[in-house]
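Geometric and topological summary
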Amino acid sequence: MFNVEKIRQDFPILQRQVNGKPLVYLDNAATSQTPQQVIDVIVDYYSNFNANIHRGVHTLSQEATDKYEAARQTIQKHFNAKHAHEIIMTAGTTHGINLVANGFSSLLKKEDEIIVSALEHHSNIVPWQMLCEKTGATLKVIPMNTAGELIMNDYDRLLTKNTKLVFVNHISNALGTINPIEAIIKKAHQVGAAVLIDGAQACPHIKADMQALNVDFYVASAHKMCGPTGIGFLYGKEAWLHKLPPYQGGGEMIADVTFEKTTYADLPHKFEAGTPNICGGIAFGAAVDYMNNIGFAAIEKYEHELLEYATAELQKIQSLKIYGTAKNKTSVISFNLEGIHPYDIGTLLDKMGIAVRTGHHCAQPIMNFYDIPGTVRASFAFYNTKAEVDALITAVKKAQMMLS
Amino acid sequence: MMQIEDIQNEIIDEFSMFEDWEERYQYMIDLGKDLPLIDAQYKTENNLIKGCQSKVWVHADLVDNKIIFTADSDAIITKGIIAILIRAFSNQEPQDIIAANTEFIDKIGLKDHLSPTRANGLVSMVKQLKMYAIAYQTQLK
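Residues numbered from 1 in each chain as written. Chains lettered and ligands numbered in written order. Predicted model: local features only at pLDDT ≥ 70, side-chain atom pairs only at ≥ 80, totals over all residues.

Brief notes about the pairing of strand β14 (residues 332–337) of chain A
Residues and elements named next belong to chain A. Among the six residues that make up β14, six are buried, leaving the element largely enclosed by the rest of the structure. The alternating pattern of β14 places Val-332, Ser-334 and Asn-336 on one face and Ile-333, Phe-335 and Leu-337 on the opposite face, and all of these are buried. One ladder, built from four bridges, connects strand β13 (residues 320–323) with β14; its direction is antiparallel. Looking at β14, one finds that Ile-322 is bridged to Phe-335. Bridge count between β14 and strand β17 (residues 375–379): four bridges; the pairing is antiparallel. Counterpart to Ile-333 in the pairing with β17 is Ala-378. (Buried ≥ 20, exposed ≤ 12 C-beta atoms within 10 Å, placed from the backbone. Helix = DSSP H or I, 4+ residues; strand = E, 2+ residues; numbered from the N terminus. Pairing = 2+ DSSP bridges.)

As C-alpha cells, then:
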C-alpha cells in the first residue's frame, strides 16, 4: 500500500527548513533526494568495508568486491540486461554518452550520419557535435511539435542507409515528454543503425527493460533515482561492447601489459579504468532496491495523480503558460508567467522555501523553439504531496502579485 | 556631489528598515521598474554581462570626467540590483569607482539572500562596472 507520509519519513532532508519555511523540494528532475536506507549503506561501507576492489586477497577487499559486483547484478536485474558484464559502471549519464561517442569515433566514416532529437539536453548534443567534427559525419535532428513531441514522420525521412547511430532521450528533462523509444529503436535497426537511449530522466519513473526494448546502449545516473551523485551505468549489448575500443587507459582495464603491447581486460573491466566509485556503486544498488520495494507501478500511478493535480491547479493561475503538453509525459511541469522572467519567479519561490529550477535546463534548442529565455520547472517525485503542490500554487500567485 | 561611501551608507540605512524578505524584495522589484531604460543601441552582445542567468546589459559613458552607467535586464529583480549598483557607482570619477569597496552589498543582505548563480551574476556586474572605470581611467591619463 503506497503511503506517502510513511515514505517521507525515509528522507531526512525533507524535514529541514529553507529560509524559515518547510522545504518543498520540486527539483527532482535535477537530482532526487536520498533515503536513510541508502545513506546507511554509505555509512556502513566506510565504517566496515572500505577497501580497493578486485585483485585484493585480503578479506576487506573481497567483501567490498562482492558488494560492488552484487550491486552490478542488482542493476542488471532491474534493467533486465542479459548479462551482468553488459552493465558498465560510469561516473554518470554524461560519462556513459562520452564513452559511446568516443568509441564510435573510430567506427564512423565521412559519409555516415548521426541522428539526435530536438529534445536533447546539452550533454546529448555536444559529444555528437564533437564526434562529427572529428569524423566528418553529419548530425541530423528529429524536430518536435509545439506540444513537445517528436515528429515521427520526419524521423522516418531522416533515416537512411548512412545512419549509423540514433541518439534520443527516453524522457525530456525540460518538458517531461516520454519519447516513443520502442518505435525509434525498431526503425533505426531496420536501416542497420545502433541506438543509444539516455535514460537519466526515465530511471526514477519507468522500469526500462533492456531486452524487451532491444536497445543497443542505455545510460542513466544513480542520483536521479535516490542514489548518490558521481555514479551511473552504461548498458551495452555484449557484441557492441566488444566492438567499441576502450575509453580510458589505466589500472583495472588491462589483462596484460608490456611496453610493446597491452591486452585489454574482459567486459565490463575493459571500460572501467582506475579505482571506481566503489561506495557509490554499492549505494546505487541499494537505491534500486529501495525504489523496487516501493514499486514502480505504484510510483508511476501516484506521480501521475500528482502531475494531473498540479497541472490543473497551475492552469487556474491567470496568464500562466505550460510548455510541454505531450499526451505521454512524466511529472515535470515547465511554465512561465506572462511578462515575467522565470528567474524572478524562481528567486521569490526560494524565499518561500520552494525549490524549483529556472533557466534553459541545459536544453537551449528547446527554449529557442518556444522563443523564451527559459522556464520555471517544477518536477515531482513519489515523495511529494498534494499539500506541496498547494504550497507551490500559493507561492506562484504571491510571486506573480509581487512582480506585476 | 555625494561620495560613493556616503551613498552606500544611505543604501544600507534604507535596507535596515525592512522587516522581512518580502519588503526587501518588493523594494528591489520597484527599483527595477523605475530603472531608466538603456538606449536600445547599447543592448548589444558586447555590453552583455556573462555569468548571469538573466540577461544584463551595461553601458558606460564618460561625461565631464565622470562615468555615467546605464543598464537593463530582462529580469526585474536583477534590474533592481543593477539600479542599486548604479546609484552607488554612477556619476563618479573612474579612480573613485576603482577604489570603492563593495562591502555594502553584503551589508544589505543581497549576497546572502540571492541564489549562488545570481550572486555570481552580482559579482560579474560589479566587476564589469570596475572594468569600465579602469578603461576610462587609462584614457584619461
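So that's the structure; there's more coming.
Structural notes on the sheet that holds β14 of chain A
All names here are of chain A. Reading across from one edge, β13-β14-β17-β16 is the order of the four strands in this open sheet, with antiparallel pairing throughout. Here the strands that pair on one side only, and so sit at the sheet edges, are β13 and β16 (357–359). For this sheet, the mean angle separating the axes of adjacent strands, direction not counted, is 30°. The pairing of β16 with β17 spans three bridges and is antiparallel. Paired with Gly-359 across the bridge in β17 is Thr-375. Together, β13, β14 and β17 form the strand contacts of helix α11 (residues 296–315), whose direction differs from that of β13 by roughly 145°. (Axes fitted to C-alpha atoms, helices over the stretch in contact; angles between N-to-C directions. Contact = placed C-beta atoms within 7 Å.)

Points about the nonpolar core
Core analysis: the largest hydrophobic core is formed by 154 residues, its most contacted members being Val-195 and Ala-287 of chain A. In contact with Ala-287 of chain A, other than residues within four places in its own chain, are Val-38, Ala-222, Met-225, Cys-226 and Gly-227 of chain A. (Core = buried A, V, L, I, M, F, W, Y, C linked by C-beta atoms within 7 Å.)

Structural notes on the interface of chain B and chain A
Listed per partner, the contact involves twelve residues of chain B and twelve residues of chain A. Those elements giving two or more residues to the side of chain B that touches chain A turn out to be α2 (21–34) and α3 (76–89) of chain B. Ranked by residues supplied to the side of chain B that touches chain A, first place goes to α2 of chain B with four residues.

Notes on the domain arrangement of chain A
Residue and element names in this part refer to chain A. When the domains of chain A are assigned, the result is domain 1 (4–30 + 295–403) and domain 2 (39–293). One C-alpha centre belongs to domain 1, the other to domain 2, and the line joining them spans 28 Å. Listed by partner, the interface residues are 24 residues for domain 1 and 23 residues for domain 2. Top element by residues in the side of domain 1 that touches domain 2 is α11. It accounts for four residues. Tallied by class, residues from the side of domain 1 that touches domain 2 come to twelve nonpolar, eight polar and four charged. (Domains from an automatic or database assignment. Nonpolar A, V, L, I, M, F, W, Y, C, P; charged D, E, K, R; others polar.)

Let's talk about the packing of helix α12 (residues 342–351) of chain A against helix α14 (residues 386–403) of chain A
For any two helices packed against each other, the geometry comes down to the angle between their axes and how far apart the axes lie. Residue and element names in this part refer to chain A. Look at α12 against α14: their axes get within 9 Å of each other, and the N-to-C directions meet at 120°. Between α12 and α14, the interaxial angle falls into the category oblique. Between α12 and α14 the crossing geometry is right-handed. In contact with Asp-344, Ile-345, Leu-348 and Leu-349 of α12, α14 contributes Ala-395, Val-396, Ala-399, Met-402 and Leu-403. Looking at the contact of α12 with α14 residue by residue, the class counts come to eight nonpolar, no polar and one charged. (Parallel < 35°, antiparallel > 145°, perpendicular 65-115°, else oblique. Left-handed = near helix turned anticlockwise from the far one by under 90°.)

A word on helix α3 (residues 59–78) of chain A
Given a rise of 1.5 Å per residue, 20 residues ought to cover 28 Å, and the 28 Å separating the end C-alpha atoms of α3 of chain A matches this to within 8%. Structurally, α3 of chain A contributes buried residues whose contacts are with α2 (36–49), β4 (87–90), β10 (232–236) and α10 (278–294) of chain A. (Expected span 1.5 Å × (residues − 1).)

Here we look at the confidence of the model for chain B
All names here are of chain B. Residue-level pLDDT values for chain B average 85, and 91% of them are 70 or greater. Within chain B, the lowest mean pLDDT, 61, falls on helix α6 (residues 110–113), and the highest, 94, falls on helix α4 (residues 94–99). Scoring the predicted complex yields pTM 0.91 and, for the interface, ipTM 0.87. (pLDDT = per-residue confidence, 0-100.)

Topic: the environment of Ile-42 of chain A
Residue and element names in this part refer to chain A. On the secondary structure map, Ile-42 appears in helix α2. Residue class for Ile-42 comes out partly exposed when judged on the 17 C-beta atoms lying within 10 Å of it. Setting aside chain neighbours within four positions, we find Ile-42 in contact with Pro-228, Cys-279 and Ala-283.

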